[in-house]
Amino acid sequence: MPSAGGSTMALRQAQQAAAAWPYAELDPQRLHAAGWRPTPVRDLILKIHQRCNLACDYCYVYESSDQSWRDRPAVMPDHVWQAAADNLARHAETHHLSHVRVILHGGEPLLCGLDRIERLVGRLRARMPPATRTLVGMQTNGVLLTRPVVTRLRELDIAVGVSVDGTEADHDRHRRTHAGRGSHAAVARALDLLREPANRSVYAGILTTVSPDTDPVGTFEALSAFTPPTIDFLLPHANTSAPPPHARPGTTPYADWLIAVFDHWYGRREPVRIRLFDDILALLLGGAGSSEQVGLSPAGMLVVESDGALEQVDALKSAYPGAAATGLDVRHDELDAALADPGVIARQLGLRALSATCLSCPVVPVCGGGHYAHRYRPGTGFRHPSVYCEDLRRLIDHVSARVAADLRRAAAPEKP
Amino acid sequence: MDAANTSGAAVTWAPLVDLADRPVLEVIQGGDDALARAARRVIGALDDPDGIISAFQSFTS
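What you see is a predicted model; the values in this text were computed from it and never measured. (Residues numbered from 1 in each chain as written. Chains lettered and ligands numbered in written order. Predicted model: local features only at pLDDT ≥ 70, side-chain atom pairs only at ≥ 80, totals over all residues. Heavy atoms only, no water.)

Participant: Help me understand the overall build of chain A, please; the structure alone is not making it clear to me.
Facilitator: Counting its regular elements, chain A contains 16 helices and 11 strands. A compact globule built from 416 residues would reach a C-alpha radius of gyration of about 22 Å, and chain A, at 21 Å, matches this within 12%. In chain A, the proportion of contacts linking residues at least 24 apart, taken out of those at least 6 apart, comes to 73%. (Helix = DSSP H or I, 4+ residues; strand = E, 2+ residues; numbered from the N terminus. Rg over C-alpha atoms; globule rule 2.2 N^0.38 Å. Contact = heavy atoms within 4.5 Å.)

See the structure below:
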């Protein structure tokens, strides 16, 4: 099956209409001629199961305008994940990658079944070049993480990240089963299992969506009680046509919430890692970011949907239907082909992907324009300031002031 | 394009302290707080100054 057929043409036309930048205005050939080269794929996210046993009210897969999940197989067929493993192995060999990461995702990946997951991981590790280390992770809602499941995942060396939204009441307000029951009790049991010393090596961390109508310190303490190695606070996916749920003109509710957590966290001895704060601190000190929310680092990940479609990250589905699509298929196209997609290129360009407003802002080396999906405006596309611009500015200014004060103290000459 | 009115752009952003000639490295490297950890991370990544964005938190620190 050719990957550049009529449907691909229609897809590209739709993307050009919905997002002139990058799809109509970015010129990959010109970039290459100027010496730019893409960053190879390091993370491959496999959507091994399209359905979920929860019905979270903010889910950007099921609740966004992009409903492409309905047309894909519920379970990723064996020949698709086999092709994905082989494709990634070829990519690793071509680019001499020292390591790759495969993240099992969904829907809920544990609905896929552990036997299938074991075969998938076995294939991955068997096909990868000897010089390439294969790290495997899973992002789960935690409901199906029973003791036998955790033990099996540990035996397979699959790191487990769990989505939790803070206190039981806050979590159960959003993260419910299809029957409307809260899921916190099951998730708490799962996290207690992951915290056990025997399982700690595969406890990756907690992922939490920021909600300014919750108590920030209470949320942080509730999450900390699970002793996660890392907490990943995510801003809800939004853009100018679908603004953040708590955004009001002249206010910065997301920054206010995050600042309250930061002030509670910063200065502690051996504080739990908070990816967003750790990234901002590293960026303020001249380092690089590692997540999509801040910094100018190139995005090195691709998604394989359950039907084999090679896509950009799910977050883009919050922008418009088809925003994540590349028109490529992991069974027929090399991963390198995706690196020529204007949408993929745009997320690897750093400063060159940003608006004039962003480029004139002194905070831009730290915020990096914010999450790519949050820069979207219908029609013109992704070359705009983030819908969280003022929140990011306030948060970064606050962190910067704290760090600067500490550095001044550290640099002060000792008194005799 | 780029018609956003971001009032933040007009505000002066205070640069961090110039520590070029100050013996601060030992202080922040030896600590056990978040700032010291960030400093170690930056120094440890000098061979990969651009970093690569990852989708999964456990592999990035």
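On we go.
Participant: Would you explain the sheet that holds strand β9 (residues 309-311) of chain A in this entry?
Facilitator: Residue and element names in this part refer to chain A. Read from one edge of the open sheet, 10 strands run β7-β6-β5-β4-β3-β2-β1-β8-β9-β10, paired in mixed fashion. Unpaired on one side and paired on the other, β7 (273-274) and β10 (325-329) mark the two borders of the sheet. Across 5 bridges, the pairing between strand β3 (residues 133-140) and strand β4 (residues 158-163) is parallel. Residue pairing across strands places Val-136 opposite Ile-158, the latter belonging to β4. Packed onto the sheet, helix α8 (residues 184-195) meets β4 and β5 (203-209) and runs at close to 145 degrees relative to β4. (Pairing = 2+ DSSP bridges. Axes fitted to C-alpha atoms, helices over the stretch in contact; angles between N-to-C directions.)

Participant: What's the story with the packing of aromatic side chains in this structure? I'm lost.
Facilitator: Aromatic rings in a pair are described by how distant their centres are and how their planes are angled relative to each other. Residue and element names in this part refer to chain A. What the rule picks out here adds up to 10 aromatic pairs over all chains. With 4.9 Å between their ring centres and 20 degrees between their planes, Phe-262 and Tyr-266 make a pair best called stacked. What makes Tyr-266 buried here is its relative accessible area of 6%. When the centroid spacing of 5.3 Å and the interplanar angle of 50 degrees are considered together, the rings of Trp-265 and Phe-277 count as tilted. Here Phe-277 lies in helix α11 (residues 275-284) and Trp-265 lies in helix α10 (residues 253-265), a separation of 12 residues in the sequence. (Phe/Tyr/Trp six-rings, centres within 6.5 Å; stacked < 30°, edge-to-face > 60°. Buried < 20%, exposed > 50% of the residue type's maximum accessible area, 1.4 Å probe, protein only.)

Participant: How should helix α9 (residues 216-224) of chain A be read in this particular structure?
Facilitator: Within an α-helix, residues lying three or four positions from one another point in the same direction, as the helix has 3.6 residues per turn. All names here are of chain A. For α9, the full list of buried residues reads Pro-216, Thr-219, Phe-220, Ala-222, Leu-223 and Ser-224. Residues of α9 that are buried sit in contact with α7 (168-174), β5, β6 (230-234), α10 and β7. Where α9 starts, the residue carrying a side-chain oxygen 3.3 Å from the main-chain nitrogen of Val-217 turns out to be Asp-215. (Polar contact = N/O pair within 3.5 Å; in protein donor to acceptor, adjacent residues only side chain to side chain.)

Participant: Help me understand helix α4 (residues 78-94) of chain A, please; the structure alone is not making it clear to me.
Facilitator: Residues and elements named next belong to chain A. Spanning 17 residues, α4 covers 24 Å between terminal C-alpha atoms, matching the ideal 24 Å at 1.5 Å per step. For α4, the complete set of buried residues consists of Val-80, Trp-81, Ala-83, Ala-84, Ala-85, Asp-86, Asn-87, Leu-88, Ala-89, His-91 and Ala-92. Against the buried residues of α4 lie β1 (43-47), β2 (99-105), α5 (114-127), β8 (301-304) and α12 (335-338). At the C-terminal side of α4, His-96 shows a positive phi close to 50 degrees. (Expected span 1.5 Å × (residues − 1).)

Participant: How should the pairing of β2 of chain A be read in this particular structure?
Facilitator: Residues and elements named next belong to chain A. Of all 7 residues that make up β2, 5 are buried, and the element is covered over most of its length. Bridge count between β1 and β2: 5 bridges; the pairing is parallel. Following the sheet pairing, Leu-44 is matched in β2 by Val-102. After leaving β1, the chain enters α4 and then returns to the sheet as β2, a path that is right-handed. With 6 bridges joining them, β2 and β3 adopt parallel strand pairing. Paired with Val-100 across the strands is Thr-134, a residue of β3. Between β2 and its parallel partner β3, the chain crosses via α5, and the hand of that crossover is right-handed. (Right-handed = clockwise from strand over helix to strand, strands pointing away.)

Participant: What's the story with the state of the cysteines in this structure? I'm lost.
Facilitator: Two cysteines whose sulfur atoms are joined by a covalent bond form what is called a disulfide. All names here are of chain A. Tallied over the entire structure, the rule returns 0 disulfides over all chains. No disulfide involves Cys-52; its sulfur sits 6.0 Å from the nearest other cysteine sulfur, which is in Cys-56. As a non-bridged cysteine, Cys-358 has Cys-367 as the owner of its nearest cysteine sulfur, 6.0 Å distant. Given the relative accessible area of 7%, Cys-358 is considered buried. (Disulfide = S-S within 2.5 Å.)

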